[in-house]
Amino acid sequence: MEADPNVPGTRVSDTDALKVELRLENTLLRNPQWIAPSQQPQTESLEPLVDLWKPDDTAATVIGKLIHRWFEEIHMWIDDFSPDKNHLLEIAASALTKDEMMQLQLDQQAVRFLKYCESKEIRSVFEQDRYRSWHKPTTLRLEVSNERRFLISIDDQLIRGVIDRCVLGWDQDRVIRAEVIDYKTDARPGNADLASWVKERAEHHSGQLQMYRKVLCRQFSLHPEMVQVTLVLLSEQQVVSI
C-alpha cells in the first residue's frame, strides 16, 4: 500500500483501478461520424457511424459483393489468372452467408463473371501493358492492391471507403503515379440508349471516384493529373475514364 499524497493518512492499493480521463476537444472525434465516397453528403447533417454499419441484404448488393470478391483473385495481372467455375463457387461459399447465397443463382453469376474475364475491354483494365507509358523516362515498380481500405479526414469530414483496385507506380521510395479502378454491376434498363446510360452512370459515380483521387493525392502528395480514375461498367463491358 502507498500513501495518497492528496489525502493525509490514506493509502492506495496496487489493485485499485487507475482512472484515465480522455478529453476529446474535436467534435468529430467526440461524436464519430463518417461519409462513404459513394454517398452524396448532406451538408446539414451526417449520419451517425453506427447507423451506417447496418447491412443491406438486397440481391443487387449481394451480387456486387460476390463479383468484387471474385475480382480480388486477380492479385496482379489477368494473364496470370485462370478462373474456373468450380473454384468460383468455392469462393462464393466462403464469402457469402447462407441467406445471401439463397438470393442468387450462383451458377449463373459464375458464368457471367467468366464472360467478364474474357471481355477484351474488361481484360485491358487488368493487363500490365496498360502501364507501359508510366515507365518513361524511368522504370517504375508497380504495386497492385485489391479492396484498399482507407480512413482519412478531408475538409473536416471523416472519410471511410474501399478502393476496388489500386495500382501505384513507385520511383524508388516515392509514389509518382496511381490509378483507381472501380467496378460497378449497374444494370442498364432495356429501353435506355447505351451511350446516354454510360454518360449518366459516369456522372452518377463521379463524386465517389473523385474522392478516391483526392484520397490518393493526399496520401502520396500527388498532383491530381497523376492519378487516373477508371470506372468499369461490367454489365455492358464499358470502361470509362473519369
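Scroll up to find the structure this text is about.
Computed from a predicted structure; not experimentally measured.

Caption draft 1: Highlighting helix α3 (residues 85-95). Within the sequence span of α3, burial applies to L88, I91 and A92. Seen along its axis, α3 keeps its buried residues to an arc of 105 degrees; they face one direction. Those residues of α3 that are exposed and angled more than 90 degrees off the buried face are N86, E90 and S94. Of the surrounding secondary structure, the elements contacted by the buried residues of α3 are α2 (59-71), α4 (98-102) and α5 (106-118). A distance of 3.1 Å separates the backbone nitrogen of N86 from a side-chain oxygen at the start of α3, and that oxygen is part of D84.

Caption draft 2: Quick peek at the environment of L104. Looking at the element boundaries, L104 is found in the loop between α4 and α5. Expressed as a C-alpha distance, the spacing of L104 and V62, which sit 42 residues apart in the sequence, is 8.0 Å. For L104, the contacting residues outside a window of four places in its chain are A59, V62, I63, L66 and L96.

Caption draft 3: Up close: the side chain of H68. The residue H68 is located in helix α2 in this model. Its relative accessible area of 16% is what places H68 among the buried residues. Polar side-chain contacts of H68 include one of 3.3 Å to the backbone oxygen of Y183. H68 has contacts with E147, D164 and Y183, leaving out every residue within four places of it along the chain.

Conventions and cut-offs
All residue numbers here refer to positions counted from 1 along the written sequence of the relevant chain. This being a predicted model, a pLDDT of at least 70 is required before a residue's local features are given, and a value of 80 or more before pairs of side-chain atoms are given or counted; all residues contribute to the totals for chains, interfaces and linings. Note: side-chain values were computed over all heavy atoms of the structure, leaving out hydrogens and water. Accessibility here uses a 1.4 Å probe with only protein chains present; expressed as a share of the type maximum, an area under 20% marks a residue as buried, one over 50% as exposed, and anything in between as partly exposed. Strands here are runs of E lasting at least two residues and helices are runs of H or I lasting at least four, both read from the DSSP assignment and numbered beginning at the N terminus. Read the arc as the range of directions from the helix axis to the C-beta atoms. The contact rule is simple, with two residues in contact once any of their heavy atoms fall within 4.5 Å. Whenever two N or O atoms come within 3.5 Å, that pair is a polar contact, provided that in protein one can donate a hydrogen and the other can accept it, and provided that, for residues adjacent in sequence, both atoms are side-chain atoms.

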